[in-house]
Number of protein chains: 2
Amino acid sequence: MTDRVVRPAARQRRRPTKQGVVLSEELIVETALRLIEEHGADALSVRRLGRALGADPSSLYRYFRHTDDLMLAIADELIGRTLRTWRPTGDWRADLRDLGMRMHAGALAHPRAAVLSSYRVTGRGYEIQAVETILGVLRGAGFPDAEAVRIYHAFVDQALSFGALDAAGAALPRAAREAETAVWRAKYGRLPADTHPHIAATARHLVADMRHSSYPVALDLLLSAAEVRLTEIRGRPEA
Amino acid sequence: MTDRVVRPAARQRRRPTKQGVVLSEELIVETALRLIEEHGADALSVRRLGRALGADPSSLYRYFRHTDDLMLAIADELIGRTLRTWRPTGDWRADLRDLGMRMHAGALAHPRAAVLSSYRVTGRGYEIQAVETILGVLRGAGFPDAEAVRIYHAFVDQALSFGALDAAGAALPRAAREAETAVWRAKYGRLPADTHPHIAATARHLVADMRHSSYPVALDLLLSAAEVRLTEIRGRPEA
DNA sequence: GACCTTATGACAACACCGTTGACCTGTTAA
DNA sequence: TTAACAGGTCAACGGTGTTGTCATAAGGTC
């Protein structure tokens, strides 16, 4: 098969679909994001997307090689949106906390795309910009180069991996998600103290805590530890 | 529909399939794990699993309500394997570090299953055992109940999510994985200092660091922060 | 050993999925 | 005016999870 996808710049003959819609890469990505937001991650299929656009499903293959391609385009758009709304203040810890929370929220808003894009290095514009900015925050705070890189790496991977983890949970069909909270309440909440003393003693906290993401806690722990390291380093600058 | 699944204890008539296989929950889970490892997560479908077992796909619905049920059984088996080889020593920090590293290694050993199972609560035997044990370590160390639960949650999610992240990377086709390291070396390693000063200054560290998992660093940061919290709590026991 | 109940495996069908090769037609450039 | 072809459409392929129905062999009872 010769490639059916044409690069956007080369597009010229904008013929509307039978239902009168003029397709474009942007319109498809936008519609896909809307579909995910409105009807859950399961709602995103080539056929449903085609229906939502008012076009034959196969038309989409003129714009994306396959579904994965579409996902990456969506992911790229998401990175851009996250970064675009972030303004560093100069307080390194507050800035990183804000950025981490934004990345996490972005992932939750678009679970399907987040899961796919979390473990890929794109090497594209927005990603490079993010690396440069975060490294700048850390070095500006006084972390030596090697340490800055180590903490950058842990920070980013933690944001991405928790984002993907929580996104995957959010992308579960509604029934499965409700089953999960039911498990915590019904199963862990009722274990007898003689066989499971620690669960029984903390059951109340467990049921309350496990329904939320642990990312904020994990993020604060990471930043706290980094801050401690920083004061140690400042104590002996030549370390 | 009356439920087609029968609890294992009640099973009595072990009739072999047409191809002579005697089905059981254990056999199904084992075969599913083997299938995932050998042919990738995509290879796991009810129909393929049936074929691999020598049974009609619909037979599996006598053992699992739906695919989701099966995934939970697989996840629990993985937890069990990790837990079985772990021996706590009484040093809470060392024990949690060891357990975290084991969970991470377990995920890497079964990348595709890890990705699928990381975000599910199984509510099954091994998982309950793991929760009880970790909570015991934390409470034994002196963390008050609410704090123990918070740290338990962050610790477990961190191990699972980094496990899934690194597993997903490891499960990439070889070509894609090599492309990723190439991006770091060729793209990030060569950015000019005037446009990207921070990346340029740390390029050497970046290229070296990004090829490894950041989990050990992230884990140590989390445990360090927890230790600090613990000494604070001990300072004022009634907090 | 014969008989009955019923658990359990098998079959066929349903509605969906991603993807592709062939076709048709409106837009555009010459 | 016309010819080329980008881009939308159609139909089909082989896959998916799931379920209603049926057949049969296992196990208990006599």
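Residues numbered from 1 in each chain as written. Chains lettered and ligands numbered in written order. Predicted model: local features only at pLDDT ≥ 70, side-chain atom pairs only at ≥ 80, totals over all residues. Heavy atoms only, no water.

A.B. asks: Describe the pattern of salt bridges, with residues and values.
C.D. replies: A full pass over the atoms with the stated rule returns 19 salt bridges over all chains. Between Arg-102 of chain B and Asp-98 of chain B there is a salt bridge, with the nearest N and O atoms lying 3.3 Å from each other. Of this pair, Arg-102 of chain B and Asp-98 of chain B are both found in helix α4 (residues 92–109), 4 residues apart, which corresponds to roughly one turn of the helix. Overall, Arg-102 of chain B belongs to the partly exposed group, its relative accessible area being 30%. Linking Arg-150 of chain B and Glu-147 of chain B is a salt bridge whose minimum nitrogen-to-oxygen distance equals 3.7 Å. Taken as a pair, Arg-150 of chain B and Glu-147 of chain B lie in helix α7 (residues 145–170) at a separation of 3 residues, close to a single helical turn. Taken together, the salt bridges that share partners define one network made up of Glu-147, Arg-150, Arg-229 and Glu-232 of chain A. (Salt bridge = Lys/Arg side-chain N within 4 Å of Asp/Glu carboxyl O. Helix = DSSP H or I, 4+ residues; strand = E, 2+ residues; numbered from the N terminus. Buried < 20%, exposed > 50% of the residue type's maximum accessible area, 1.4 Å probe, protein only.)

A.B. asks: Outline the side chain of Asp-69 of chain B, listing residues and values.
C.D. replies: Residues and elements named next belong to chain B. Its place among the elements puts Asp-69 in helix α3 (residues 67–84). With no salt bridge to any partner, buried Asp-69 finds its closest opposite charge in Arg-65, at an N-O distance of 4.1 Å. Look past the residues within four positions of Asp-69 in its chain and what remains in contact with it is Phe-64 and Arg-124. (Lys, Arg positive; Asp, Glu negative; His and termini not counted. Contact = heavy atoms within 4.5 Å.)

A.B. asks: Before we move on, can you summarise the packing of helix α1 (residues 25–39) of chain A against helix α2 (residues 46–53) of chain A with the specific residues and values?
C.D. replies: Residues and elements named next belong to chain A. Relative to each other, α1 and α2 sit at 110°, their axes nearing to 10 Å. When the axis of α1 is compared with that of α2, the two are roughly perpendicular. Contacts from Leu-27, Ile-28, Thr-31, Ala-32 and Leu-35 in α1 reach Arg-48, Leu-49, Ala-52 and Leu-53 in α2. Within the contact of α1 with α2, the residues separate by chemical class into 7 nonpolar, 1 polar and 1 charged. (Axes fitted to C-alpha atoms, helices over the stretch in contact; angles between N-to-C directions. Parallel < 35°, antiparallel > 145°, perpendicular 65-115°, else oblique. Nonpolar A, V, L, I, M, F, W, Y, C, P; charged D, E, K, R; others polar.)

A.B. asks: So what about the domain arrangement of chain A? Which residues, and what values?
C.D. replies: Residues and elements named next belong to chain A. Assigned domains within chain A: domain 1 (8–65) and domain 2 (88–235). In this complex, domain 1 contributes 6 residues to the contact, which on the side of domain 2 involves 6 residues. Here domain 1 and domain 2 share an interface that buries about 530 Å² over both sides, 59% of which is from carbon and sulfur atoms. At the surface where domain 1 touches domain 2, the tally comes to 0 salt bridges. Counting every contact that joins domain 1 to domain 2 gives 0 residue pairs in polar contact (both at pLDDT 80 or more). When grouped by side-chain class, the residues that make up the side of domain 1 that touches domain 2 number 4 nonpolar, no polar and 2 charged. (Domains from an automatic or database assignment. Buried area = accessible area lost by both parts, 1.4 Å probe. Polar contact = N/O pair within 3.5 Å; in protein donor to acceptor, adjacent residues only side chain to side chain.)

A.B. asks: How would you sum up the environment of Ala-109 of chain B? Please name residues and give values.
C.D. replies: Within the secondary structure, Ala-109 of chain B sits in helix α4. When the C-alpha positions of Ala-109 of chain B and Val-29 of chain B are compared, they lie 17 Å apart, and in sequence the two are 80 residues distant.

A.B. asks: Before we move on, can you summarise helix α6 (residues 125–141) of chain B with the specific residues and values?
C.D. replies: Residues and elements named next belong to chain B. Between its first and last C-alpha atoms α6 spans 25 Å; for 17 residues at 1.5 Å apiece the expected length is 24 Å, and the two agree. Inspection of α6 places Glu-127, Ile-128, Ala-130, Val-131, Glu-132, Ile-134, Leu-135, Gly-136, Val-137, Leu-138 and Ala-141 among the buried residues, and these make up the whole buried set. Phi for Gly-142, located one or two positions after α6, is positive at around 115°. (Expected span 1.5 Å × (residues − 1).)

A.B. asks: Give me helix α4 (residues 92–109) of chain A: which residues, what numbers.
C.D. replies: Residue and element names in this part refer to chain A. Across its 18 residues, α4 extends 26 Å between first and last C-alpha, which sits within 8% of the 26 Å expected from 1.5 Å per residue. For α4, the complete set of buried residues consists of Trp-92, Asp-95, Leu-96, Leu-99, Gly-100, His-104, Gly-106 and Ala-107. Within α4, the buried residues cover an arc of 165° as seen down the axis, which keeps them to one side. (Arc of directions from axis to C-beta.)

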